[in-house]
Amino acid sequence: MEKEQAPRWWAVVAVMIGIFLLVTAEQLPIGLLSQVASSMGVTPGMAGLMVTVPGVVAAFSAPLLPVAVGRLDRRIMLTVMMIVMVIGSALSAVASNFGLLLAARVLVGISIGGFWAIAGSIAPRLVPSDQVAKAMTIIFGGVAAASVLGVPLGTLLGDLSNWRVAFGALGGLSLLTAIALWCWLPPLPPREPVRLRMLAQQFSNRGVRVAVLTTGFVVIGHFAAYTFISPILQEISGVAQRHVGSLLLLYGAAGILGNIAAGIFAGRHPYRAVLAIPSLLLLVVAIFPLLGVQPTSGVLLLMVWGAVFGSVSVSIQTWIIRTAPNTEAATALMAFTFNMSIGLGAMFGGRIVDGTSLPIAMWAASVLFLLGALLVWRTPSSIVGEKRR
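- In the annotation of an unreviewed UniProt entry, the entry for the protein chain reads MFS transporter, and the organism field reads Vreelandella alkaliphila.
- What UniProt states about the protein chain under its Subcellular location (unreviewed entry) heading is, verbatim, "Cell membrane".

If you want it as structure tokens, here you go:
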């Protein structure tokens, strides 16, 4: 903290809600893919660019925007990023063609990257040092909550009304959050210039390198398949489109349970926790086209899928804390990797879906999970202070 003051928990909550809305916005098209593709007259693979575009833009804006704005007050930057999010969501809701929709998604990507890059570093400036860990948990809880609740709720709203209503609602909530950020955050001038070379320095550490590469394999593989979960459930499992939103809520509930379980397990066994993620995803996604051909079996596999992927953030972050020489720089590198992987995964999966079929896309994703599992397996468990049994 810059000076002794009472903890600013409302500011912490506002930042958490901001991250929740931004990550929800990034992934919301996943649940609305079939609706948007039909409305805009494009293929599901082409519609997947709604995830690719903001993911790639966010990946580059995360490290570059803090450098570009220099010594701009971080309170102003966070508020402006939420206003950009309001504009992007509003334009998405009224876009008359797919090209304009993708242009609006560029704005969403800029806001995601810029906000995420700053949000993780301000917790020590909002609460006393002995409460920083709690504040960080709350702030980045927005990421998990968005993945496991925000997208399903947005999908359900779209199913009950229209996909444009879902994007419009996101813009309205973002406007309220921008007001809250401006009112509740104190002035936050930057303490030191942000430099890009610190990111490259982190990659020279083997523990960070394995975490980054594993994250890339897992997230690219996940989004290569999960981006198309709506058509997967409909075409492979025989689920009616009107039920997809409700099922993604169940997926979200499973993800929350997975996140809680991983938080307990990874604290003691980070190596085994990270190894289990690509291994279990490989099993679930590979067998889905073979065993998930009925609504019941498809839903059961979806729940397991949600529980496993819900454990990614806390498990990888625990690994990073154990191995990174500079956790802040390593976290920025992970933000770049995670967002870029979302975009690449959606694009990779879209090409395969349009060129072949949904099952082929799922098996291609499984290959990436296999590579991630092998990478962790070949890494000494002692790198995170754990003995392999």
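What about the side chain of Q27?
- Turning to its location among the elements, Q27 is positioned in helix 1 (residues 9–31).
- The buried category is assigned to Q27, whose relative accessible area is 4%.

A closer look at the packing of aromatic side chains
- The final tally for this structure, using the stated rule, is eight aromatic pairs.
- Ring centres of Y226 and Y251 lie 4.8 Å apart, and the angle between their planes is 15 degrees; this geometry places the pair in the stacked category. Taken together, the positions of Y226 in helix 10 (residues 206–226) and Y251 in helix 12 (residues 244–268) put the pair 25 residues apart, joining distant regions of the chain.
- On the numbers, 6.2 Å between centres and 70 degrees between planes, the contact of F288 with W305 is edge-to-face. Placement of F288 in helix 13 (residues 270–291) and of W305 in helix 14 (residues 295–309) is noted, with a sequence separation of 17 residues between them. Pair check on accessibility: F288 and W305 agree, each one buried.
- One aromatic cluster is present, formed by Y226, Y251, F288 and W305 through successive ring pairs.
- Lying across the ring of W182, R75 places its NZ or CZ 3.8 Å from the centre.

Definitions and limits used
- Residues numbered from 1 in each chain as written.
- Predicted model: local features only at pLDDT ≥ 70, side-chain atom pairs only at ≥ 80, totals over all residues.
- Heavy atoms only, no water.
- UniProt positions renumbered as here; feature names shortened; annotations may be inferred.
- Helix = DSSP H or I, 4+ residues; strand = E, 2+ residues; numbered from the N terminus.
- Buried < 20%, exposed > 50% of the residue type's maximum accessible area, 1.4 Å probe, protein only.
- Phe/Tyr/Trp six-rings, centres within 6.5 Å; stacked < 30°, edge-to-face > 60°.
- Lys NZ or Arg CZ within 6 Å of the ring centre and 35° of its normal.

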